[in-house]
Amino acid sequence: MTRILIADDEAELRGLLQRYLTEQGLAVRAVPDAASAAQLLSRERFDVLVLDLMMPGEDGLSLCRRLRGQGETIPILMLTARGDLVDRVLGLEMGADDYLAKPFAPRELLARIQAMVRRQHQLGAHLGPAGEEPLSFGLFTLYPTQRRLERDGEAVEISTVEFQLLRALASQPNRPLGREKLLVMAHGEDHGVSDRSLDVQVMRLRRLIEVDPSAPRHIQTVWGLGYVFIPEPDRR
């Protein structure tokens, strides 16, 4: 059974969502603040975290950033009462996987949750067990299951989108991957990501891990197809 954790300080909304999602066959826990959510996550497994942006005490953005910094990989759906684009962008940059602006229909939340769970299953099927082993390349080590990238033993800040792309590339070393296949591996079948967006993500990754992003060693372009990941030793 899919297990959902909701963190929102609005008691009425928590109750409504808990009743509705439970009726739809999901197992739901609901808490009023970030501290309670973090405590539950440390003890139990959940498939999706629905996290309100604005809460008393630690807010949703701070908790999201803290969880990702600790290596927590649970998909996070951020709720925001504002329609401000800045809030949405900040949430995604902190490691949220999706966002939903209040007010919203419970049915829409259910659809988003189902899509996130489906995407996780697809990613696991595409990457397989071999794609979960730590991989060293150059001065970096990638820990797929812990959502962590290290450089010389020090943690590297990396967004969720960039991490998923690097994880997908690294799961198929030295094997050219077409753009569409790479998008499915990184973001799932219903990704809705354009080729241009993929190229931008690759550019950002190169800035993060390459000595010279204009002459990349690790993420190389395969003209007319897509990209290939080369985990060669660093020669600096």
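About the cut-offs
Residues numbered from 1 in each chain as written. Predicted model: local features only at pLDDT ≥ 70, side-chain atom pairs only at ≥ 80, totals over all residues. Heavy atoms only, no water. UniProt positions renumbered as here; feature names shortened; annotations may be inferred. Helix = DSSP H or I, 4+ residues; strand = E, 2+ residues; numbered from the N terminus. Contact = heavy atoms within 4.5 Å. Buried < 20%, exposed > 50% of the residue type's maximum accessible area, 1.4 Å probe, protein only. Pairing = 2+ DSSP bridges. Axes fitted to C-alpha atoms, helices over the stretch in contact; angles between N-to-C directions. Phe/Tyr/Trp six-rings, centres within 6.5 Å; stacked < 30°, edge-to-face > 60°. Lys NZ or Arg CZ within 6 Å of the ring centre and 35° of its normal.

Per an unreviewed UniProt entry, the protein goes by the name Response regulator and belongs to Pelomonas cellulosilytica.

Peer 1: Break down the UniProt feature "modified residue: 4-aspartylphosphate" (unreviewed entry) in the protein for me, with residues and values.
Peer 2: Mapped onto the present numbering, the UniProt feature "modified residue: 4-aspartylphosphate" (unreviewed entry) falls on Asp52. As for its placement among the helices and strands, Asp52 is situated in strand 3 (residues 48-52). With residues up to four places along the chain from it excluded, the contact list for Asp52 reads Ala7, Asp8, Asp9, Gly60, Met78, Leu79 and Lys102.

Peer 1: Explain helix 6 (residues 160-170) to me, and be specific about the residues and the numbers.
Peer 2: Among the 11 residues of helix 6, 10 are classified as buried, and the element is accordingly described as predominantly covered. Among all positions in helix 6, only Thr160, Glu162, Phe163, Gln164, Leu165, Leu166, Arg167, Ala168, Leu169 and Ala170 are buried.

Peer 1: Explain the sheet that holds strand 4 (residues 76-80) residue by residue, including any values.
Peer 2: Pairing is parallel across the open sheet formed by 5 strands, whose spatial order is 2-1-3-4-5. The open sheet is flanked by strand 2 (27-31) and strand 5 (98-101), the only strands paired with a single partner. Shown here is a sheet whose adjacent strand axes are inclined to one another by a mean of 20 degrees, direction ignored. One ladder, built from 5 bridges, connects strand 1 (residues 3-7) with strand 2; its direction is parallel. Within strand 2, the position partnered with Arg3 by the bridge is Ala27. The sheet strands contacting helix 3 (residues 60-69) are strand 3 and strand 4, and the helix crosses strand 4 at an angle near 165 degrees.

Peer 1: With reference to specific residues and values, describe the packing of aromatic side chains.
Peer 2: Where two aromatic rings form a pair, the distance of their centres and the angle of their planes describe that pair. The full count for this structure, using the stated rule, is 2 aromatic pairs. With centroids separated by 5.5 Å and ring planes inclined at 15 degrees, the aromatic side chains of Phe137 and Phe140 adopt a geometry described as stacked. Judged by its relative accessible area of 1%, Phe137 is buried. Each ring, one from Phe137 and one from Phe229, has its centre 5.1 Å from the other, and the planes form 80 degrees; the classification is edge-to-face. With a gap of 92 residues between them, Phe137 in strand 6 (residues 135-137) and Phe229 in strand 12 (residues 226-229) connect regions that are remote in the sequence. Among the residues examined, Phe229 registers a relative accessible area of 0% and is labelled buried. Taken together through their ring pairs, the aromatic side chains of Phe137, Phe140 and Phe229 make up a single cluster. Just above the ring of Phe46 sits the side chain of Arg3; from NZ or CZ to the centre is 4.6 Å. The lysine or arginine in question, Arg148, covers the ring of Tyr143, its NZ or CZ lying 4.1 Å from the ring centre.

Peer 1: Break down unusual backbone geometry for me, citing the residues and quoting the values.
Peer 2: Geometrically, the link from Lys102 to Pro103 is a cis peptide bond, its omega value of -5 degrees lying close to zero. Tracing the chain through its elements places Pro103 in the loop between strand 5 and helix 5 (106-127). A positive phi angle, close to 55 degrees, is found at Asp152, a residue other than glycine. For Asp152, the location among the structural elements is in the loop between strand 8 (148-151) and strand 9 (154-155). What makes Asp152 exposed here is its relative accessible area of 53%. Here Asn174, not a glycine, exhibits a phi torsion of approximately 65 degrees, which is positive.

Peer 1: Break down the sheet that holds strand 12 for me, citing the residues and quoting the values.
Peer 2: Pairing in this open sheet of 3 strands is antiparallel, and the strands run 10-12-11 from one edge to the other. Two strands bound the open sheet, and with one partner strand each, they are strand 10 (177-178) and strand 11 (219-222). In terms of strand pairing, strand 11 meets strand 12 through 4 bridges, oriented antiparallel. Bridging from a neighbouring strand, Ile219 pairs with Phe229 of strand 12. Against the sheet, helix 8 (residues 195-209) touches strand 11 and strand 12, its axis set at about 145 degrees to strand 11.

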